Amino acid sequence: MQRLLVLKETFSSLDVSQQQQILIGSAVAVGGILAYKLLQRRKPKVLPLGQGWWGKGTKPMSEDDQIYPFRIQTSDEEIEDLHARIDRTRYADSLEESTFQYGFNSTYLKRVVSYWRNEFDWRKQVDVLNNYPHFKTKIEGLDVHFVHVRPPPSKNQKIIPLMLVHGWPGSFYEFYKILPLLTQNHDGFAFEVICPSIPGYGYSEAPYKKGFNTLAAARIFLTLMERLGFDKFYLQGGDWGSLITTNMAQMKPDCVKGLHLNMVMAARGFKQLLSIIIGPYLPFLVGLTREDVRRMFPFFQKNVVEILKETGYMHIQATKPDTAGCAVNDSPVGLAAYILEKFSTCTDLKYRDLADGGLERKFSLEDLLTNIMIYWTTGSITSSMRFYKENLQGDPYSREDALLGVSVPTAVAAFPNELLHTPKSWAEPRYSNIYSYTYMQRGGHFAALEEPQLLVDDIVGFVRKVEKL
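In this text, all values refer to a predicted model and were calculated from it rather than measured experimentally. (Residues numbered from 1 in each chain as written. Predicted model: local features only at pLDDT ≥ 70, side-chain atom pairs only at ≥ 80, totals over all residues. Heavy atoms only, no water.)

All right, on to the overall build of the protein chain then. Along the protein chain, the regular secondary structure elements total 20 helices and 9 strands. In the protein chain, buried positions account for 51% of the 469 residues. Sequence separation of 24 or more characterises 79% of the internal contacts of the protein chain that already satisfy a separation of 6 or more. Averaged over its 53 positive side-chain charges, the protein chain has a centre that lies 7 Å from the centre of its 51 negative ones. (Helix = DSSP H or I, 4+ residues; strand = E, 2+ residues; numbered from the N terminus. Buried < 20%, exposed > 50% of the residue type's maximum accessible area, 1.4 Å probe, protein only. Contact = heavy atoms within 4.5 Å. Lys, Arg positive; Asp, Glu negative; His and termini not counted. Charge placed at Lys NZ, Arg CZ, Asp CG, Glu CD.)

Written as structure tokens, this is what we have:
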């Protein structure tokens, strides 16, 4: 109180001009503090990058950060071993008229394996894989593999960096059909595309330590983009790639110009519960469209019963991946049945009622077996399955990244046969800056391999909107 009186007397003793200067200065200072606080509040929160070391042993003092060319190779011994194992396969008889309702039908499996053994040319497919430039670089103790494709030179063409991230049981090869479409000129711009393999998948080295999840993968891929010299870029992902690219956008929103997803996991809450109750009757009241209603309801059947039917593999891989991994890593036919069944049901659930699982309706056996061979020749199926355990050990909805929003421009390509449909109104609480949300005409989970042109058109349209081209 005494100090206040002293200040008051001091202020009163000043002349009018001095008093005005003090008042103006104080007002400016207070205004500056308020403005700073407001900007801090508006500035999007970022996900901490963290740090990690996933190589063997202890982390060294320094790490080789060079990028090296890489070529996929094969040998007579590798192919002979594959054929010998195929020839020793012991099949289980399928039940009569069981189609794909019990899993991969062994009658049709024999036809696939016959093609694999007698017609499929792995050497030829290795040449196909090597059509695009491959590289490896050491990040956090692991050799990280990636494909890097630049567009053909063209005058007055803007080059836009784009990273594509796959999921399980896919690989970088999923994107081979869209690479030539993305790198062509789109009326003034073209994409420079980077397709990494998630560590533990294909030609990327598997982690040697526990805990490697999407956050670690996101940090490694951000390091990769920085190492390649990109400070601004776009991201695209589905399946695990959707979560990895989302984490990348949360960690470095200033670097990510746009995020394109073909699978979105929605947050849980009262709004979603209300939508489930009211949605079938008054969808407009809860932010749903007629198309949302058609894809989501009856809710219990489509979102509980069907999910339970189709996620048994997830429960195994999220708990004891190494147990199942021992079997499918040893048997090429077992591996093919395990993976290809997903390419059937995740493309269209109706394919379960077909004797051949509808596999060749959207895919060629050559493409499907090339993806299988990437897993087989690298022995990476078990390490890829572990990714589920590392990400699903706890409640994924309580993880730090699940509680943090995404502020970068976002696009959602909602394919009608995706196992889970996420309406725009459900995605918005997490992705606050959705530039485009497209109900795709057709297609399922493996969009890049199944509907390459549709996916590319949506990516191009989104980027054109963000770039104002």
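This part covers empty space enclosed by the protein. Tallied over the entire structure, the rule returns 2 cavities of 30 Å³ or more. Each pocket or cavity is described by its volume, and for the largest cavity that value is around 120 Å³. Lining the largest cavity are 18 residues, and of these E174, G238, N262, H445 and F446 lie nearest its centre. When residues of the lining of the largest cavity are traced back to their parent elements, those giving at least two are β6 (233-237) and α19 (447-450). A class-by-class count of the residues in the lining of the largest cavity yields 8 nonpolar, 8 polar and 2 charged. Reported here for the second largest cavity is a volume of approximately 90 Å³. Every residue along the wall of the second largest cavity is listed here: N262, M263, V264, V412, A413, A414, F415, E418, L420, H421, T422 and Y437. (1 Å grid on protein atoms, 1.4 Å probe; cavity = no way out; pocket = protein on both sides within 12 Å on 5 of 7 lines; lining within 4 Å. Points joined across faces, edges and corners; volume = space filled by probe spheres on them. Nonpolar A, V, L, I, M, F, W, Y, C, P; charged D, E, K, R; others polar.)

This part covers the UniProt feature "domain: Epoxide hydrolase N-terminal" (unreviewed entry) in the protein chain. The UniProt record annotates "domain: Epoxide hydrolase N-terminal" (unreviewed entry) at residues 68-175. With 31% helix and 23% strand, the stretch residues 68-175 has end C-alpha atoms that lie 22 Å from each other. (UniProt positions renumbered as here; feature names shortened; annotations may be inferred.)

On to the packing of helix α5 (residues 122-129) against helix α16 (residues 365-378), then. Look at α5 against α16: their axes get within 11 Å of each other, and the N-to-C directions meet at 90°. With respect to α16, the axis of α5 lies roughly perpendicular. Where α5 approaches α16, its residues W122, K124, Q125 and L129 are matched on the opposing element by E366, T370, M373, I374 and T377. Considered class by class, the residues forming the contact of α5 with α16 number 4 nonpolar, 3 polar and 2 charged. (Axes fitted to C-alpha atoms, helices over the stretch in contact; angles between N-to-C directions. Parallel < 35°, antiparallel > 145°, perpendicular 65-115°, else oblique.)

Mapped onto the fold, T214 is located in helix α7 (residues 214-227). Note on T214: relative accessible area 0%, which makes it buried. When residues no more than four places from it in sequence are discounted, the contact partners of T214 are W240, L243, I244, N247, F387, N391 and R399.

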